[in-house]
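Overview (structure and organization)
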Amino acid sequence: VDETIADVIETDLGTFPVDDYFPDGIDTVLSSLRKYVSLKGIDCSLLSSSLCDETQLSDAEQSSDTVKPNDSGHTLVNGTYTPTSDVSDLASISSLVHTICNAENSEIAIEAYSSDDSAGLTIQSMSTNAKSAMSDELMFNQYVVALSDGVEKTDGSFLFDDKPAHHYADTITSDAFKTSVELGCQSIKILNIWMWFAHKLNEAVKGCDKGRSDAYTSIDEAAALWLGNPTPSNDVGGLLFEMTESIGRMFNSVDEDNSEMVHLNRQIINRLLFAQEIFSDDKNRCASDPDTVDDLRIIVKEIFSFTSAVLAQGLIHSMLDQRDEKEKREYVELFSFAFLPLLNTCGRGEEFDILYDMLVIKKFDEADTDDVLNAIQNFYNCLGFTCDDIGNYGLRPGCTDSDLSLDNMMGYSPVNSTKTNMLAKLDLDAVAIVQLMSIENYDLARDIYVNGYSYYDYDNAEYGFVSLYDLTQSATIGYDDFTTYKLFQDYFQQSPGDLADETITNALDQQSNFVNASGPQRLEAVKTVISNIISYVSSLEAFHFAVDQCNSNSETAITAWDGGVALIIGSIESGSPNNDGYFLYATSKAMCDDFATCAEENGSYANNQLIQRFTQGQKQITEKSCSNVQQTLEAIESLLAIPLIQSML
């Protein structure tokens, strides 16, 4: 697996008996064993050893001394990416994929899939070891949430197709191989290798966050998994790079600056190079510069968006490609398994369920093509890519980014739609927290709550990633000179932010009032605090700050006003009457049935009036009618109180 590991073990342990064990020190031996466990994808839960405890990393392991440099000059995609570390073994996974995809029959393919570890691990282990390797990674856990369809009665673990849900990729791939070698070949790329690629990027971020000087090696490994070694032209055994090239050309998406490469591959490779460049001058930059991890997180998040767009292209291609009906349904189902769970991360569960039912449960019907295409296009903004990123399939016209209505939030048009839309995506953190709590992954839910995931303030590097926790503190606007804030403070003897944070923390940790609370009760408490305190008070803070700035700085005032609207509505609200949001706007929709206050537009009469008042206030700020905007805000506060009162009744 790694010559360096073997040399350390032989030198320090050798053959029994020896006069002096551990001449290099026990930390060096443990570090080598840890690296072996990682490379082989060994399930730490089965090993049951502190060897796997990342909190006990030795100084030796945190150094780059054991990283094998790329002395051979090995490159990926004809010099497009030159790894800093030696990833030639992992890049040879191209050969393994070639062997699998060109196997004479499914039995031979399955044997190579499950047993061939020539690349340092088997492709099957990318799934079967995923639970231990990716338990603290958001995307993997959200796939588990989306695909789980049952619970094991003996231990309460989640199931997919009567098998462990955490092994969903192996379950789907194994079934695909039973259908055909070709279908299994596609499955290992878009399920097993795709998620392991994402894992390596997450591993780089986690390593950087811990100040490890070898974090850059995970970037190289991710590049090796996407790019691999060169394969013959039109070889079905190519990795994700070749697959993206093949599918992307169906969408007329050749990159304008590089006709040799499709647009999405160019975006992905550029960002892999950006990530590599972070460490080009200083391998220890993660330890020396605390801002490095945020830089890396942004790059990795953007890579995830573009790789998600690749899966979207794959699903669209599978629906529109000229195949016989049976084969088309098989490929549509496979790409649905790969792509649809991403839609569930956007919080609109009912739309996910409808599409999953159409494409997987009932099988694809060509008559539904336009409906499916229109439905998935509504998720592009949430997933971080555009219609232009997808392109047009053949002569078929694609969507345009104006169709995505980023400048329309339930009838309200922000002045700066891009900035407002980014802030509104904080509700995606709420989605993630709720989903993680539903599978009892409280540690990762806490991490998303505290550190954030969905919103990065590009305009102010001091803020960086903004989290829901940040909204409970004075880490953003920090404006508290308004009546509602003072009422909270006087009544609870603490700020509304501290009250919200204390409640969420206690619910996540099952302490204080939540010691005897069930999982669903704790989840509901967190949802309620996010919508009825954080969304509510943060939006009022922004609105009141806008009024305060109206006379002196109208640009700041209008930005704050748009932000207040974003914190009430969020990014995932749709025209559906269903309660698909996580901010206060959704609470009003949820209450309307019980109180007979539902409206055809915006879900409730109160919401209808809110949108009108939001628009009125924006106009008044623009016209510097500052005394009038104060009156408008008073009307808004009265309307926002309605769902809060209804929630208590």
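Residues numbered from 1 in each chain as written. Predicted model: local features only at pLDDT ≥ 70, side-chain atom pairs only at ≥ 80, totals over all residues. Heavy atoms only, no water.

**Remarks on the overall build of the chain**
In terms of regular secondary structure, the chain is built from 33 helices and five strands. Residues classed as buried in the chain amount to 55% of the 649 residues present. Within the chain, contacts between residues separated by at least 24 positions form 65% of all contacts whose residues are at least 6 apart in sequence. Of the roughly 28,000 Å² of accessible surface on the chain, a fraction of 47% belongs to carbon and sulfur atoms. (Helix = DSSP H or I, 4+ residues; strand = E, 2+ residues; numbered from the N terminus. Buried < 20%, exposed > 50% of the residue type's maximum accessible area, 1.4 Å probe, protein only. Contact = heavy atoms within 4.5 Å. Areas by Shrake-Rupley, 256 points an atom, 1.4 Å probe, with all protein chains shown as cover.)

**So, the nonpolar core**
Of all hydrophobic cores here, the largest spans 196 residues; its most connected members are I93, I123, Y168, L296, F339 and F614. Per element, the largest residue contribution to this core is 16 residues, and it comes from helix α12 (residues 181–209). Not counting residues within four places of it along the chain, the set of residues in contact with I93 comprises A119, I123, M126, I193, L225 and L239. (Core = buried A, V, L, I, M, F, W, Y, C linked by side-chain atoms within 4.5 Å.)

**Regarding the pattern of salt bridges**
Opposite charge on two side chains lets them pair, provided their charged atoms get close. One pass over the full model with this rule turns up 26 salt bridges. In this structure, R348 engages E351 in a salt bridge whose closest nitrogen and oxygen atoms are separated by 2.7 Å. Judged by its relative accessible area of 23%, E351 is partly exposed. Bridged by salt links that share partners, the residues D136, E137 and K206 form one connected network. (Salt bridge = Lys/Arg side-chain N within 4 Å of Asp/Glu carboxyl O.)

**With respect to a nonpolar patch on the surface**
On the surface, a nonpolar cluster with roughly 390 Å² of combined accessible area is contributed by I645, M648 and L649. Positionally, L649 belongs in the segment after α33 (626–648). (Patch = residues over 30% accessible without salt bridge, like charges linked within 9 Å, V, L, I, M, F, W, Y side chains within 5 Å.)

**Digging into the packing of helix α13 (residues 216–227) against helix α14 (residues 240–248)**
Where α13 contacts α14, the two axes come as close as 5 Å, and the packing angle between them is 50°. In terms of orientation, α13 and α14 fall into the oblique class. Contacts from L225, W226 and L227 in α13 reach L240, F241, E242 and T244 in α14. For the contact of α13 with α14, the class distribution of residues is five nonpolar, one polar and one charged. (Axes fitted to C-alpha atoms, helices over the stretch in contact; angles between N-to-C directions. Parallel < 35°, antiparallel > 145°, perpendicular 65-115°, else oblique. Nonpolar A, V, L, I, M, F, W, Y, C, P; charged D, E, K, R; others polar.)

**Details of the state of the cysteines**
Considering all chains together, one arrives at six disulfides under this definition. Each sulfur in the disulfide pair C550 and C626 lies 2.0 Å from the other. Residues C550 and C626 are joined by a disulfide whose S-S torsion is about -80°; by sign, that bridge is left-handed. Of this pair, C550 sits in the loop between α29 (519–549) and α30 (554–569) while C626 sits in helix α33, and the two are 76 residues apart along the sequence. C626 shares its class with C550; the two are buried. (Disulfide = S-S within 2.5 Å.)

**Brief notes about the sheet that holds strand β3 (residues 163–164)**
Overall, antiparallel pairing links the three strands, which are arranged β1-β2-β3 in an open sheet. Either end of the sheet is taken by a strand with one partner, and the two such strands are β1 (150–151) and β3. Bridge analysis of strand β2 (residues 158–160) against β3 gives two bridges, and the strand direction is antiparallel. Opposite L159, over in β3, you have P164 as the bridge partner. (Pairing = 2+ DSSP bridges.)

**What about the packing of aromatic side chains?**
In this description, an aromatic ring pair is defined by two values, namely the gap between the centres and the angle between the planes. By the definition in use, this model includes 20 aromatic pairs. Here the aromatic cluster, defined as three or more aromatic residues joined through ring pairs, consists of F140, Y143, Y168 and W194. Looking at R323, its charged tip hangs above the ring of Y331, at a distance of 3.9 Å from the centre. In this arrangement the basic side chain of R348 is found over the ring face of F379, its NZ or CZ atom lying 4.6 Å from the centre. (Phe/Tyr/Trp six-rings, centres within 6.5 Å; stacked < 30°, edge-to-face > 60°. Lys NZ or Arg CZ within 6 Å of the ring centre and 35° of its normal.)

**Concerning the side chain of S218**
Take S218: it is sitting in helix α13. For S218, a relative accessible area of 6% corresponds to the buried category. A polar side-chain atom of S218 sits 3.1 Å from a polar atom in the side chain of E203. Discounting chain neighbours no more than four positions away, the residues touching S218 are K200, E203 and A204. (Polar contact = N/O pair within 3.5 Å; in protein donor to acceptor, adjacent residues only side chain to side chain.)

**Focus on the confidence of the model for the chain**
Looking at the chain, the pLDDT average stands at 87 and 85% of residues meet or exceed 70. Averaged pLDDT values for the elements of the chain fall to 37 in helix α4 (residues 59–62) and rise to 98 in helix α11 (residues 168–179). Every residue in residues 15–22 is under pLDDT 50, and counting partners more than four places away or in other chains gives seven contacts. Ignoring residues within four places in sequence, the model shows residues 54–65, a span with pLDDT below 50, making 24 contacts including any to other chains. (pLDDT = per-residue confidence, 0-100.)

**Overview of the packing of α13 against helix α15 (residues 263–278)**
Packing of α13 against α15 brings their axes to within 10 Å, and their N-to-C directions diverge by 160°. Considered as vectors, α13 and α15 are oriented roughly antiparallel to each other. Where α13 crosses over α15, the two elements pack in a sense that is left-handed. Contacts from I219, D220, A223, W226 and L227 in α13 reach N265, I268, I269, L272, A275 and Q276 in α15. Within the contact of α13 with α15, the residues separate by chemical class into eight nonpolar, two polar and one charged. (Left-handed = near helix turned anticlockwise from the far one by under 90°.)

**Re α15**
Over its 16 residues, α15 runs 23 Å from end to end, which matches the ideal 22 Å to within 8%, given 1.5 Å per residue. Among the 16 residues that make up α15, 12 are buried, leaving the element largely enclosed by the rest of the structure. Listed in full, the buried residues belonging to α15 are H263, L264, N265, R266, Q267, I268, I269, R271, L272, A275, Q276 and I278. (Expected span 1.5 Å × (residues − 1).)

**Quick word on α11**
Its 12 residues give α11 an end-to-end C-alpha distance of 17 Å, which sits within 8% of 16 Å, the value for a rise of 1.5 Å per residue. Buried within α11 we find Y168, A169, D170, T171, I172, T173, A176 and F177.

**Some points on unusual backbone geometry**
Generally, phi is negative for residues other than glycine and the peptide bonds are trans, each holding for most cases. Of note, the phi angle at M410 is positive, near 55°, even though the residue is not glycine. Along the chain, the position of M410 falls in the loop between α22 (387–390) and α23 (417–424). A residue is classified by how much of its surface remains accessible, and M410, at 18% relative accessible area, is buried. One non-glycine residue, K624, lies in the positive phi region at around 55°. For K624, the location among the structural elements is in the loop between α32 (605–622) and α33.

**A closer look at the environment of T622**
Structurally, T622 can be placed in helix α32. In the structure, T622 is positioned 64 residues away from I558 in sequence and 7.2 Å away in space, judged by C-alpha atoms.

**Re the side chain of D321**
If you trace the backbone, D321 turns up in the loop between α17 (292–320) and α18 (325–344). Beyond its immediate chain neighbours, meaning those up to four positions away, D321 contacts K328 and Y393.

**Some details on the environment of K486**
Its location among the elements puts K486 in helix α27 (residues 483–492). A residue is classified by how much of its surface remains accessible, and K486, at 43% relative accessible area, is partly exposed. Spatially, the C-alpha atoms of K486 and P496 are 8.9 Å apart, while their sequence positions differ by 10 residues. Apart from the residues lying within four places of it in its own chain, the contact partners of K486 are D480 and D481.

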